[in-house]
Amino acid sequence: MEDFVYFFSFQDPNVVFVVLGISFLSISAAMVGTFTFLDKKALIGDAISHAVLPGVCLAFTFTGTKNPYWIVVGAFATGALATYAISWVTEHTKLKEDTVIAAVLSVFFGVGIVFMTKLQQTGNAAISGLDHFLFGNAISIVGEDILVYGSLALLTIFTLLIFYKEFKLLIFNRDFAVSVGFPVKSLQFIFNSLMVLAVVTGIQAIGVVLMAGLLITPVAAARFWTDRLGAMLFIAVIFALVSGVAGAYISFVFPNMPTGPWVVVVLSLVAFASFSFSHKKGLITRWYAKRKYQEQIHSDHILKSLYNVLENGGKGISLMELKKDFPGKDAETERSIKRLINKAYLSSNKDFIELADAGLSEARRIIRLHRLWELYLTEYMNIAPDHVHDTAEKMEHILTPEIEAKLEAYLDFPSTDPHQSIIPRDES
Amino acid sequence: MSFDPNAFLIILTGALIAVSCGLLGVFLMLRKMAMTGDAISHAVLPGIVIAFLISGSREGFAMIIGAGLLGILATVLIEYLVARVKLQSDASIGITFTFLFAIGIILITVFANQVDLDQDCVLYGEIAYVPIDLWITTSGSNMGPRVMYLAILNLVLVVAFISLFFKELKLSTFDGQFAATMGFSTTAINYGLMGMVSYTTVSSFEAVGAILVVALLAVPPAIAYLWSKDLKKLLVLTLLIGVAVSFLGYYLAYAINSSIAGAMATVAGFFLAASIVAQRVRRVKESRGRISLSTEQQN
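Keep in mind it's a predicted model, so treat the numbers as computed, not measured.

A. Main features of the overall build of chain A. The helix and strand tally for chain A stands at 19 helices and three strands. In terms of overall size, chain A is more extended than a compact globule, its C-alpha atoms giving a radius of gyration of 32 Å where 428 residues would be expected to give roughly 22 Å. Taking the principal axes of the C-alpha coordinates as reference, chain A spans close to 100 × 60 × 35 Å. Taking all 428 residues of chain A together, the buried fraction comes to 46%.

B. Up close: the overall build of chain B. Counting its regular elements, chain B contains 11 helices and two strands. Along chain B, helices and strands appear, N-terminal first, in the series α-α-α-α-α-β-β-α-α-α-α-α-α. A compact globule built from 299 residues should have a C-alpha radius of gyration of about 19 Å, and chain B, at 21 Å, falls within 12% of that. For chain B, the C-alpha atoms occupy an extent of roughly 80 × 60 × 35 Å along the three principal directions. Counting across all 299 residues of chain B, residues that qualify as buried make up 51%. Within chain B, counting contacts between residues at least 6 apart in sequence, those at least 24 apart form 69% of the total.

C. Seen up close, the domain arrangement of chain A. In terms of domain boundaries, chain A breaks down into domain 1 (2–281), domain 2 (292–355) and domain 3 (362–410). For domain 1 of chain A and domain 3 of chain A, the distance between their C-alpha centroids amounts to 57 Å.

D. Spatial organisation of the interface of chain A and chain B. Between chain A and chain B, the contact holds 45 residues from the first and 49 residues from the second. Those elements giving two or more residues to the side of chain A that touches chain B turn out to be α3 (42–63), α5 (97–122), α6 (132–135), α11 (211–223) and α13 (259–277) of chain A. Counting residues per element, the side of chain A that touches chain B draws most heavily on α5 of chain A, at 16 residues. Grouping the amino acids of the side of chain A that touches chain B by side-chain chemistry returns 30 nonpolar, 10 polar and five charged.

E. A look at the pairing of strand β2 (residues 346–349) of chain A. Residue and element names in this part refer to chain A. Two strands pair when backbone bridges link them, and β2 and strand β3 (residues 352–355) are joined in this way by four bridges, in the antiparallel orientation. In the strand pairing of β3, Ser 348 is matched with Ile 353. Where β2 folds back onto β3 in an antiparallel hairpin, the turn is made up of two residues, including Lys 350, whose phi is positive at roughly 50°.

F. Expanded view of the environment of Leu 377 of chain A. Residue and element names in this part refer to chain A. With respect to the element layout, Leu 377 can be found in helix α17 (residues 357–380). Counting along the chain gives 77 residues from Leu 377 to Asp 300, while the straight-line C-alpha distance between them is 21 Å. Those residues in contact with Leu 377 that lie beyond four places of it in its chain are Ile 383, Val 388 and Thr 391.

G. Structural view of the sheet that holds β2 of chain A. All names here are of chain A. Here we have three strands laid out as an open sheet, ordered β1-β3-β2, and antiparallel in their pairing. Only two strands of the sheet have a single neighbouring strand rather than two, namely β1 (316–318) and β2. Averaged over neighbouring strand pairs, the angle between their axes works out to 25° when direction is ignored.

H. Here's a closer look at unusual backbone geometry. Look at Phe 413 of chain A: it is not a glycine, yet its phi comes out positive at around 45°. Within the secondary structure, Phe 413 of chain A is located in the segment after α19 (401–410). Despite not being glycine, Lys 86 of chain B has its phi angle at roughly 65°, a positive value. Structurally, Lys 86 of chain B can be placed in the loop between α3 (61–83) and α4 (89–110). Residue classification places Lys 86 of chain B among the partly exposed residues on the basis of 13 C-beta atoms within 10 Å.

I. Structural detail: α5 of chain A. For α5 of chain A, spanning 26 residues, the distance from its first C-alpha to its last is 38 Å, which sits close to the expected 38 Å at 1.5 Å a residue. Of all 26 residues in α5 of chain A, 22 are buried; the element is thus mostly enclosed.

J. Layout of the pairing of β3 of chain A. All names here are of chain A. Covered by surrounding structure in β3 are Ile 353 and Leu 355 only, the residues Phe 352 and Glu 354 on the alternate face being uncovered. As paired elements, β1 and β3 share three bridges and run antiparallel to each other. Bridging across to β3, Ile 317 finds its partner in Ile 353.

K. Examining helix α4 (residues 68–92) of chain A more closely. Over its 25 residues, α4 of chain A extends 36 Å from the first C-alpha to the last, a length consistent with the 36 Å expected when each residue adds 1.5 Å. Here α4 of chain A has its buried residues at Ile 71, Val 72, Gly 74, Ala 75, Thr 78, Gly 79, Ala 80, Ala 82, Thr 83, Ala 85, Ile 86 and Val 89 of chain A.

L. Quick look at the packing of helix α2 (residues 13–38) of chain A against α3 of chain A. Residue and element names in this part refer to chain A. Following both chains from N to C, one finds α2 and α3 inclined at 125°, their axes separated by 7 Å at the closest point. Taken together, the axis directions place α2 and α3 in an arrangement best described as oblique. Taking contact as the criterion, the partners of Gly 33, Thr 36 and Phe 37 in α2 are, on α3, Ala 42, Ile 44 and Gly 45. For the contact of α2 with α3, a count of residues per class yields three nonpolar, three polar and no charged.

M. Layout of the environment of Thr 78 of chain A. Residues and elements named next belong to chain A. Of note, Thr 78 is situated in helix α4. Taking the C-beta count within 10 Å as the criterion, Thr 78 has 25 such neighbours and is therefore assigned buried. Along the backbone, Thr 78 and Ala 222 are 144 residues apart, and their C-alpha atoms lie at a distance of 30 Å. Beyond its immediate chain neighbours, meaning those up to four positions away, Thr 78 contacts Ala 51, Val 52, Pro 54, Gly 55 and Phe 108.

N. Up close: the confidence of the model for chain B. Residues and elements named next belong to chain B. Per-residue confidence for chain B gives a mean pLDDT of 85, with 92% of residues at or over 70. For chain B, the element scoring lowest by mean pLDDT is helix α5 (residues 119–124), at 69; helix α10 (residues 231–256) scores highest, at 92. As a predicted assembly, this complex carries a pTM of 0.84 together with an ipTM value of 0.90.

Analysis parameters
- Residues numbered from 1 in each chain as written.
- Chains lettered and ligands numbered in written order.
- Predicted model: local features only at pLDDT ≥ 70, side-chain atom pairs only at ≥ 80, totals over all residues.
- Helix = DSSP H or I, 4+ residues; strand = E, 2+ residues; numbered from the N terminus.
- Rg over C-alpha atoms; globule rule 2.2 N^0.38 Å.
- Buried ≥ 20, exposed ≤ 12 C-beta atoms within 10 Å, placed from the backbone.
- Contact = placed C-beta atoms within 7 Å.
- Domains from an automatic or database assignment.
- Nonpolar A, V, L, I, M, F, W, Y, C, P; charged D, E, K, R; others polar.
- Pairing = 2+ DSSP bridges.
- Axes fitted to C-alpha atoms, helices over the stretch in contact; angles between N-to-C directions.
- Expected span 1.5 Å × (residues − 1).
- Parallel < 35°, antiparallel > 145°, perpendicular 65-115°, else oblique.
- pLDDT = per-residue confidence, 0-100.

Pasting the structure below:
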């Protein structure tokens, strides 16, 4: 708790720098990631992040120190080379893109590992900092690092915002962009550079192995909350920010803990929560809506059964009899009856069930929709009267009052359906 | 060059692993699942760590079962995200493996004292230890390098799997719908293949690590595919490339004194680049030949 207050009160200037640094790079990664995700190129980010390792190692080898400028240059060079290699090989050979990505990713990483094991033999003290590039350590970003990574992240963010409209067109309708004369190749080049840049700025904090998580996961989570690009960018940025700061905090409290894995775990939890609970597309939300709908249909059927009893001259029906209408659904039937009684649609006296006034009106409405639809199908669709029941059985739950009014007007307020049953209406 | 038994053991083990990975990799590539293989190789990490914590050693079947389960879990999770959550497949792969791999790294860091694994070993393994990591039976006799036996067992099982289910694998790879109508369970074959990939990854883990195993899964089949499209030829070529990669990788690492697994990936990458260049040159020559032919005809 003490750590928590210390960290989040920002009294330590180092903490401020670390939080600022990780915020900038989370924002730039999430923004670039949004575009790559929508372009279905999410895994190229993974390849780039593995491919910067040889560049980082080369920068170490030549300068012998952890100089952020040279590291950025080296990382950018090999990252860009990998990006170019992927698109060139995919275009010019019969290899499929996923194979090319996997091959480029692992070969570049392998070369990086060769350089790294060479470096470790030199016994250079600065090499200890190299480990941070594998799994990331936000706390290791100090002094000049912040300046370099922060300004690169800002550069990425602003360039993306400047070319927002162009990139949007590139992703959603490339052919149109070509036909209206956009410089598509140059734009693609700028975008690829931004993609590499976003990875490069993230490597020291998140690490080359898990950088892909910061590019993909917040965006996938955001996709479940909106269909609009602008909103998606914003939500992805928020998710990435929260996870980035959480990861930095954990590294701050446990200095041996790499930052990357924690950022990714927090992000993944956010994503899984989004997949489950998002208002429109969430799994649990969808499941709940489906269940609600099924309950609604079952209640409708119970009301219809009771209305049939009335039509045949009865007053009500015992619970036992009612259950017989829905074989194998005893539990659902009981639950629906309970709900209908609570809504005052039904009254129950010693398990003898009758329609209350409100229930009668609702039952009439459902029966009316059923019979109106049957009539509509026979009159206007020329379907034989003995073929219309099944469709009407579905439509009775769906038809809205507006469509009902239209049907009534269309059919001129008919009194009977094709089977000569009376179409019930509330007396008014 | 005199015969060096240690070098021989390392190259042999490397070749066994490269061949096992490559043979499975051919099917992954043809099914456009190369990145799923990449995901599985990352995702087995938490399984390895948990099995290590429970069983207390690298030996034994706990590790293989733990990692096998995680590999299958990763496959299930990816397919669940695609089919039920309706997320696009590249993002499903990316989320699944980064999440599981992150958990693995966190577990390793938290249990650093109990687990004889470190982050470096995860990345590139250490095949150079093969000759000194011996399998000593309970009676005390020395049976030779332990990892080599694991690799032999692995290759035997991979070859058995492929030859037993060759027809099913082939059919479900090239025409899944037809395979389904013929009554093969494409799902079972798919999970079988993913299970074998997970098992192979774990078995190769100590030697080449969780990430470089991807180089052996993806690159030799890719090279072979540039030269042939026939499934049997692909498998044979991949086998040869796997052996060559292990052999040359060892000597490259020996020459520049670096990680052997990294050198193997580097050699594989070099072969891939060389094959692509050779193919380009051949095609350019062919098209030139065609042009000169057509000009001759005009004359």
